[in-house]
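# Summary of the model geometry
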Amino acid sequence: MKIWAVANQKGGVGKTTTTVTLGGLLSGPDQRVLLVDMDPHGSLTAYFGHDPETATRGVYELFNQAVEGERPDPAGLIRETRFPGLDLLTASTALATLDRQLGSRGGMGLVLRQALEGVQEEYDYVLMDCPPMLGVLMVNALAACDELLVPVQTEFLALKGLERMINTLTMVQKSRKARLNYRIIPTLFDRRTRAAHEALAELRRQYGDDVWSGVIPVDTKFRDASSAGQPLCFMIPDARGVLAYADLLDAIGGRLPRKPVQRQAR
């Protein structure tokens, strides 16, 4: 089972779009994917039709189990989506209270890692959509993942947010006493604008080989897919954004399902 965290300490850079699209591409009748919403805003949860204001039986409950001295167990918490091989562990707005509730309680940084150990025979991939701030949720995601994907919008303010994410990564690596592999993903690239090209060039200059060689373009069809509650790859498999994410999967070692995913009705 491969575990990828999708994180950046700046919002609006395409974290949820990246999580949903990669998850959709990877899932199928012969390959199971678990999406985990770690963000109290619950964008991933809402994408699949659940209300984070009222959602129960999700990530928050894993931390409650740990506080009560139990081993975190996602059994009974994971929800099926209407897409074959694609399941979801929802977020609730209560996640926003975790840092205050847990305080300095020890052992809370490995809750998610322990929970995922219980489903490692059931899934081929786990993708986690992380909150845009450093706290117990981000720490849990980084402690649990095999690789970190960092979407970065190709504009200069987003590059400043990336600096904070790299600083967090350095801190977590010291705690893990091991390097955490990461890949910076240029997103929302508008090839028509000079600013986007200049920001991309600066990103590659600063971070070199840690930046994926491709880009995720601006594609308004992602908005249509979000409104429909479907990964875009099921609606328009040859959309340019979908093809770009397929190239990304190839670069990070993702294996597309052997059987073609059937296009869903709109």
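Reference entry: report on the structure contained in this document. Computed from a prediction, not measured in an experiment: that's the story for all the values here.

### Topic: the layout of surface pockets
- Size it by volume and the largest pocket reaches roughly 420 Å³.
- For the largest pocket, the lining is made up of 22 residues, of which Gly14, Thr17, Leu188, Phe222 and Arg223 are closest to its centre.
- Put simply, the parts of the chain that give the lining of the largest pocket at least two residues each are helix H1 (15-26) and helix H9 (221-228).
- No other element matches H1, which puts five residues into the lining of the largest pocket.

### Observations concerning the nonpolar core
- Ranked by internal contacts, the top residues of the largest apolar core, which has 50 residues, are Val36, Leu116, Met128, Leu148 and Ile184.
- The biggest single contributor to this core is helix H7 (residues 156-176), with seven residues.
- Excluding residues that lie within four positions of it along the chain, Ile184 makes contacts with Val150, Val152, Leu162, Leu203, Tyr207, Asp210, Val211 and Trp212.

### Topic: the side chain of Thr45
- Take Thr45: it is sitting in helix H2 (residues 43-47).
- Non-local contacts of Thr45, meaning those with residues more than four positions away in its chain, are made with Asp37, His50, Pro52, Leu88, Thr90 and Ala91.

### Describing the packing of H1 against helix H11 (residues 240-252)
- Across the interface, H1 lies against H11 with an axial gap of 10 Å and an inter-helix angle of 75 degrees. What the angle tells us is that H1 and H11 run roughly perpendicular. Contacts between H1 and H11 involve Thr17, Thr18, Thr21, Leu22, Leu25 and Leu26 on the former and, on the latter, Val242, Tyr245, Ala246, Leu248 and Leu249.
- Considered class by class, the residues forming the contact of H1 with H11 number eight nonpolar, three polar and no charged.

Thresholds applied
Residues numbered from 1 in each chain as written. Predicted model: local features only at pLDDT ≥ 70, side-chain atom pairs only at ≥ 80, totals over all residues. Heavy atoms only, no water. 1 Å grid on protein atoms, 1.4 Å probe; cavity = no way out; pocket = protein on both sides within 12 Å on 5 of 7 lines; lining within 4 Å. Points joined across faces, edges and corners; volume = space filled by probe spheres on them. Helix = DSSP H or I, 4+ residues; strand = E, 2+ residues; numbered from the N terminus. Core = buried A, V, L, I, M, F, W, Y, C linked by side-chain atoms within 4.5 Å. Buried < 20%, exposed > 50% of the residue type's maximum accessible area, 1.4 Å probe, protein only. Contact = heavy atoms within 4.5 Å. Axes fitted to C-alpha atoms, helices over the stretch in contact; angles between N-to-C directions. Parallel < 35°, antiparallel > 145°, perpendicular 65-115°, else oblique. Nonpolar A, V, L, I, M, F, W, Y, C, P; charged D, E, K, R; others polar.

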